[in-house]
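# Architecture and fold: a report
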Amino acid sequence: MALDCVLSTGGKKAEYLIDPIGRQFGYLVYYNTNLESLRNQVKMLEERRDKGQLLVNEAKRKGEVIGPEVEVWMERVVGPSSKANHILDERQPNKECLNGWCPNLKSRHSISRKAKMMAEEVAKLHGDGNVTRVSYPAPPLGIESRPIDGIKCFESRSLILK
């Protein structure tokens, strides 16, 4: 009984200690994988954004109204896309020591961690870009009544207004 209690609490303690340490080492081990994943996600997001922009331009040429969810999504894509490109450009500091044979582990960890988080954010944005309709037909122009407050009342106008 006492042995079971010690093993269960010891197992939980080991789980809470080892998992975070393993996750941090994973950023170093999967450095290239995380960057490649981010590069692929950004490429797919930019392709979807370009396709959406083409559809928006076509709808505007037809005189249709663009859906609000499409406009919001197009604005939301700009920020993370530029941040991701900045992270991908930032990866050059790993050639610091002995002509690249001794990489800077701190910068690799930091860049890999940012790349993994940004890849998840970009993937979420990519999934949010699935809209069924980009535009809607423009509302028909209605017949507007003109105010008659400062207009002289001629017989011809009074016949038309009645």
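An account of the accompanying structure is given in this report.

What counts and what doesn't
- Residues numbered from 1 in each chain as written.
- Predicted model: local features only at pLDDT ≥ 70, side-chain atom pairs only at ≥ 80, totals over all residues.
- Heavy atoms only, no water.
- Helix = DSSP H or I, 4+ residues; strand = E, 2+ residues; numbered from the N terminus.
- Buried < 20%, exposed > 50% of the residue type's maximum accessible area, 1.4 Å probe, protein only.
- Contact = heavy atoms within 4.5 Å.
- Areas by Shrake-Rupley, 256 points an atom, 1.4 Å probe, with all protein chains shown as cover.
- 1 Å grid on protein atoms, 1.4 Å probe; cavity = no way out; pocket = protein on both sides within 12 Å on 5 of 7 lines; lining within 4 Å.
- Points joined across faces, edges and corners; volume = space filled by probe spheres on them.
- Salt bridge = Lys/Arg side-chain N within 4 Å of Asp/Glu carboxyl O.
- Axes fitted to C-alpha atoms, helices over the stretch in contact; angles between N-to-C directions.
- Parallel < 35°, antiparallel > 145°, perpendicular 65-115°, else oblique.
- Left-handed = near helix turned anticlockwise from the far one by under 90°.
- Nonpolar A, V, L, I, M, F, W, Y, C, P; charged D, E, K, R; others polar.

Another aspect to go through is the overall build of the chain. For the chain, the count of helices and strands is 5 helices and 2 strands. Sequence-ordered secondary structure for the chain, helices as α and strands as β, is α-α-β-α-α-β-α. Looking at the 162 residues of the chain, the share that counts as buried comes to 23%. Within the chain, contacts between residues separated by at least 24 positions form 84% of all contacts whose residues are at least 6 apart in sequence. Accessible surface computed for the chain: about 12500 Å², of which carbon and sulfur atoms make up 59%.

Now for the layout of surface pockets. For the second largest pocket, the calculated volume is near 200 Å³. If you trace the second largest pocket, you find it lined by Arg48, Lys51, Gly52, Leu55, Glu69, Val70, Trp73, Met74, Gly129, Asn130, Val131 and Val134. Looking at the lining of the second largest pocket, the elements with two or more residues in it are helix H2 (31-62) and helix H3 (68-89).

Turning next to the pattern of salt bridges. On inspection of all chains with the given rule, the structure shows 5 salt bridges. Between Glu36 and Arg39 there is a salt bridge, with its nearest N and O atoms 2.6 Å apart. Of this pair, Glu36 and Arg39 both sit in helix H2, 3 residues apart, roughly one helical turn. Here the salt bridges do not stand alone but share partners, grouping Arg76, Lys124 and Asp128 into one network.

Here the focus is the packing of H2 against helix H4 (residues 105-128). Contact geometry for H2 and H4: axes closest at 8 Å, N-to-C directions at 30°. Our classification of the angle between H2 and H4 gives roughly parallel. For the pair H2 and H4, the crossing hand works out as left-handed. Two secondary-structure elements touch here, H2 through Tyr31, Asn34, Leu35, Ser37, Leu38, Gln41, Val42, Met44, Leu45 and Arg48 and H4 through Arg108, Ile111, Ser112, Ala115, Lys116, Met118, Ala119, Val122, Ala123, Leu125 and His126. A breakdown of the residues in the contact of H2 with H4 according to their chemical character gives 13 nonpolar, 5 polar and 3 charged.

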